[in-house]
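Breakdown of the fold
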Amino acid sequence: MSLKEKLVSSFMAFEDTVDVHSSVHDIRTEAIKTFEAEGFPSKRQEDWKYTSLNSILKHDYSVFPKHDNDIEFKDVKKYFIHDIDAYKIIFIDGKYASHLSQTTHDGLDVCLMSAALTKPKYKVIIDNYFNKIAKKDGLSSLNTAFSMEGAYINIPKNKVVEKPIQIIHFSTGNEAAVMLQPRNLIVVNENSHVQIIERHQSLTDNPVLTNSVTEIFANKRAIVDYYKIQNDRQTASLIDNTFINQKQESLAKVHTFSFGGKLIRNNLEFYQNGERIDSTMKGITIIGDKQHVDHNTLVHHIEPNCESHQDYKGIFDDSSTGVFNGKVVVEKLAQKTNAFQANNNILISDKASINTKPQLEIFADDVKCSHGCTIGQLDESAMFYLRSRGIPEKEARALLMFAFSNNVLDSVKIPEIKNRITKIIANKLGVNIGFDL
Amino acid sequence: MLKINNLHASIEDKAILKGINLEVKAGEVHAIMGPNGSGKSTLASVIAGKEEYEVTEGNILLEGDDIDELAAEERAHKGVFLSFQYPIEIPGVSVTNFIKTAINETRKAKGLGDMPAKDMLKMIREKSELLEIDRKFLSRSLNQGFSGGEKKRNEIFQMAMLEPKLAILDETDSGLDIDALRIVANGVNKLKSKDNAVIVITHYQRLLDYIVPDFVHVLLDGKIVKSGGKELAHELEAKGYDWIKEEVNA
């Protein structure tokens, strides 16, 4: 039985066991039909031309992994940004791990999707926001059909949430292979500010496939800072589908740091429903071996006087492959749009490759849209300069690679995240030097 | 300190150095002069270990050890320093971070731990004062947007920090106004000792008024064709190189 058949056939049984709002039942039933019709994407689809899921779909994934909370904080501490005070919503094999978490209902809701999907007091929010901006394609629909657990965050008006919120999905691989469908819903109301850190981490070398969907609503003048740290084992793959709906004068920033994992596909979509909105998406990708990272972004400029900024840096070694597909749509109404996009890449090895494709669809006539992509190698004269000062080849390379990508870190507002990313990069490049920010 | 025997080097099969012999002892300053294209910068790069050049004959001994097979960083660890004619701009790496990394990697190669931060700061302060370098300058990206004078002062600052045994200054005077020249020369003179040596590569005699050489060598078509004392530099300044070419051809 193929993975698709297995998922479709297990849906009915699953649906009978869950007790969600009736409206959610309807959405899920609709979603499994969409998945059944569309299935997993194939390379024949334009958006998936350079990313094949074949190698990761062949495993016999357990769709409902067994509950296992036998993990202590000390074993997984290193995956937390543990040197800051933070709310924590932690899952193990798709189940909530209360002993690792710190949630709240005190003036804001930082809690669980399972509660929001079942408890009457959340029904209004769910009816207003759940599955409203998630794409109705095969993968997101699959997640919707099985959506049960994840983070539910609701920030009321005029609230600056000082503590960042960490969402970590661990997988133990106690069974042979697991497929996870985390679902996050984040609603940030007028004038509020929230910072979120998301990570997916497997704890063994059994294959893991995570198909995650996150819906984010940034209402009027809200500020959302979102950090994705992707540094998983090379047996784990991640399809991250993140959809952001912005209202007027809101500011949403997503930083994606991709260093680990076997295959990562980031579908990141911004919809600007209001004026004077700012959307920023930045990323650093440093991979090697046979890793594959695909950034597929969309910014939909719908109303006038808005901005978007994209800056993705990629460094590819060994036989790794990268994809950057950045689409910017400017509707006829969206005059005075400023849209910037940059994608710069370095190929370290002859076998590494990157496919980069900017896609601009502009229907307004008074806009500023720029895009640029580069693919290059490390500058040999700079290498000699560094080495002539006593910096060995490996360290010199690392220093140049870090220098190439570090402007992406300028907009990271939490110093501990900056430090952590810097350390992960040094580790990834196999050097023990401080890059100093 | 440095002994070069019958050194031949080429790049992409084009012979540039055609039999250089040179001995530099500790405590000495040697000037290498010559017209454009005579091989001066190539000689500097070959000593520093630039991989594009292939040594086809002869060898380079540093304190008696053959360094031909050593990588650029290993030569640096042994005390070779090259002040670049055109220092490379490296956006994203600050001057301070660069020099810290260079010093600590050199210490690591010698089996030492990192220099304590306090000592590092003290040293940076002292040496930047010596070269009249503003503190703000040190947090800027390496050479990016630096003026010609700033780049060269930064080179000598690095030399001061790394305390090399053998410093090769490749056209350090080019692009310098007279004040910058004085600062750079003063820096080099302060760093000179009986234990280290300096090779000054230059077109002009100007720099040699400030950094006074013990020996002057004329490089022509990949060979040292004439050597003398500091008065040779004055003679070259007054008469150019043609008379030497004639002498060589005679």
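Please read all numbers here as calculations on a predicted model, not as lab measurements.

So, the overall build of chain B
Regarding its fold elements, chain B presents nine helices and 12 strands. With the principal axes as the frame, chain B shows a C-alpha extent of 60 × 40 × 35 Å. Buried positions account for 44% of the 250 residues belonging to chain B. Long-range contacts, defined as pairs at least 24 residues apart, comprise 72% of the intrachain contacts of chain B with a sequence gap of at least 6.

Focus: the overall build of chain A
Looking only at helices and strands, chain A features 10 helices and 20 strands. The C-alpha atoms of chain A give a radius of gyration of 21 Å, which matches the 22 Å a tight globule of 437 residues would have. With the principal axes as the frame, chain A shows a C-alpha extent of 70 × 55 × 45 Å. When the 437 residues of chain A are sorted by exposure, 51% land in the buried category. If you take every contact in chain A between residues at least 6 apart in sequence, the share linking residues at least 24 apart comes to 83%.

Describing the domain arrangement of chain A
Residues and elements named next belong to chain A. What the domain assignment reports for chain A is domain 1 (3–273) and domain 2 (381–437). Distance from the C-alpha centre of domain 1 to the C-alpha centre of domain 2: 31 Å. Those elements giving two or more residues to the side of domain 1 that touches domain 2 turn out to be β8 (193–202), β10 (223–230) and β12 (251–258). Tallying contributions element by element places β12 first for the side of domain 1 that touches domain 2, with three residues.

What to know about the UniProt feature "domain: ABC transporter" (unreviewed entry) in chain B
Taken from the UniProt record, the annotation "domain: ABC transporter" (unreviewed entry) applies to residues 2–246 of chain B. Taken end to end, residues 2–246 of chain B has its terminal C-alpha atoms 30 Å apart, with 37% of it in helix and 29% in strand.

Description of the interface of chain B and chain A
Contact residues are listed per partner, giving 22 residues for chain B and 19 residues for chain A. Residue composition of the side of chain B that touches chain A, by class: 12 nonpolar, seven polar and three charged.

Some points on the confidence of the model for chain B
Confidence in the prediction of chain B, expressed as mean pLDDT, is 93, and 100% of residues score 70 or more. This complex was scored by the predictor with a pTM of 0.90 and an ipTM of 0.96.

Considerations on the packing of helix α8 (residues 380–387) of chain A against helix α9 (residues 393–405) of chain A
All names here are of chain A. α9 packs onto α8 with a crossing angle of 125 degrees between their chain directions and a minimal axis gap of 9 Å. Taken as axis vectors, α8 and α9 run oblique relative to one another. Between α8 and α9 lies a crossing of right-handed hand. Where α8 abuts α9, its residues A382, M383, L386 and R387 lie against E393, A396, L399 and L400. Looking at the contact of α8 with α9, its residues break down into six nonpolar, no polar and two charged.

Description of the nonpolar core
Ranked by internal contacts, the top residues of the largest apolar core, which has 182 residues, are I165, V188, L399 and M401 of chain A together with I168 and V200 of chain B. Tallying contributions element by element places α9 of chain A first for this core, with eight residues. Split by domain, the residues of this core number at least three in each of domain 1 (3–273) and domain 2 (381–437) of chain A. Residues contacting V200 of chain B, with those up to four places away along its chain left out, are V29, A31, L169, L207, L208, I211 and P213 of chain B.

Remarks on the pairing of strand β5 (residues 165–171) of chain A
Residue and element names in this part refer to chain A. Most of β5 is tucked away: seven of the seven residues are buried. By the alternation rule, side chains of β5 split into I165, I167, H169 and S171 and Q166, I168 and F170, which are all buried. Of the pairings in the sheet, the one linking strand β1 (residues 87–92) to β5 comprises six bridges and is parallel in character. Looking at β5, one finds that Y87 is bridged to I165.

Some thoughts on the pairing of strand β4 (residues 151–155) of chain A
All names here are of chain A. Burial analysis of β4 places five of its five residues in the buried class, the great majority of the element. A two-sided burial pattern is seen for β4, the buried positions comprising A151, I153 and I155 on one face and Y152 and N154 on the other. The pairing of strand β3 (residues 109–112) with β4 spans four bridges and is antiparallel. Residue pairing for β4: L112 is matched across the bridge by A151. Relative to strand β7 (residues 183–188), β4 runs parallel, the two sharing four bridges. Pairing of N154 across the sheet is with V187, part of β7.

Remarks on the sheet that holds strand β20 (residues 368–376) of chain A
All names here are of chain A. Strand order across the open sheet formed by 10 strands is β2-β1-β5-β8-β10-β12-β14-β16-β18-β20, with mixed pairing between neighbours. At either margin of the open sheet sits one strand with a lone partner, and together these are β2 (95–96) and β20. Set on the sheet, α9 makes contact with β14 (278–287), β16 (307–316) and β18 (338–347); between it and β16 the angle comes to about 165 degrees.

Thoughts on the sheet that holds strand β4 (residues 54–62) of chain B
All names here are of chain B. Read from one edge to the other, the open sheet built from four strands follows the order β2-β1-β4-β5, with strand pairing classed as antiparallel. The strands lining the two open edges of the sheet, one partner per strand, are β2 (14–24) and β5 (65–66). In this structure, β4 lies alongside β5, joined through two bridges in antiparallel fashion. Paired with L62 across the two strands is D65, which belongs to β5. In the packing of helix α1 (residues 40–48) onto the sheet, contacts are made with β1 (2–11), β2 and β4, and the angle to β2 comes to roughly 70 degrees.

A closer look at helix α8 (residues 231–239) of chain B
Residues and elements named next belong to chain B. For α8, every residue scored as buried is listed here: L232, A233 and L236. One side of α8 holds all its buried residues, which, seen down the axis, span an arc of 105 degrees. Away from its buried face, by an angle of more than 90 degrees, α8 presents the exposed residues E231, A238 and K239. For α8, the secondary structure elements touched by its buried residues are β3 (29–33), β11 (215–220) and β12 (223–228). G240, located one to two residues past α8, shows a positive phi value of around 75 degrees.

Conventions and cut-offs
- Counting restarts for each chain: residues are numbered from 1 in the order of the written sequence.
- Whichever chain is written first becomes A and whichever ligand is written first becomes 1, with later ones labelled in order.
- Selection of residues for local features in this predicted model requires a pLDDT of at least 70, selection of side-chain atom pairs for listing and counting requires 80 or more, and totals for whole chains, interfaces and linings are taken over all residues.
- Secondary structure elements follow DSSP: runs of H or I of four or more residues count as helices, runs of E of two or more count as strands, with numbering from the N terminus.
- Neighbour counting defines burial: a residue surrounded by 20 or more other C-beta atoms within 10 Å of its own C-beta is buried, one with 12 or fewer is exposed, and intermediate counts give partly exposed, using backbone-placed C-beta atoms.
- It is the C-beta atoms, placed from the backbone, that decide contacts: two residues are in contact if theirs lie within 7 Å.
- In this setup the radius of gyration rests on C-alpha atoms only. A globule is expected at 2.2 Å times the number of residues raised to 0.38.
- Domain start and stop points were drawn from an automatic or database domain assignment.
- UniProt positions are given in the numbering used here, feature names are shortened, and annotations may be inferred rather than shown by experiment.
- Polarity classes work like this: nonpolar for Ala, Val, Leu, Ile, Met, Phe, Trp, Tyr, Cys and Pro, charged for Asp, Glu, Lys and Arg, and polar for all others, with Gly in that last group.
- Per-residue confidence from the predictor is reported as pLDDT, a score between 0 and 100.
- Fitted lines through C-alpha atoms give the axes, limited to the stretch in contact for helices. The angle between two N-to-C directions lies from 0 to 180 degrees.
- When an angle is under 35 degrees it counts as roughly parallel; over 145 it counts as roughly antiparallel; between 65 and 115 it counts as roughly perpendicular; any other value is oblique.
- Crossing handedness follows the turn of the near helix against the far one: under a right angle anticlockwise gives a left-handed crossing, and clockwise gives a right-handed one.
- Note on terminology: a nonpolar core is any set of buried Ala, Val, Leu, Ile, Met, Phe, Trp, Tyr and Cys residues joined through C-beta atoms within 7 Å.
- Strand pairing is assigned whenever DSSP identifies at least 2 bridges connecting the two strands.
- Directions are taken from the helix axis to each C-beta atom, and the arc is the one they span.

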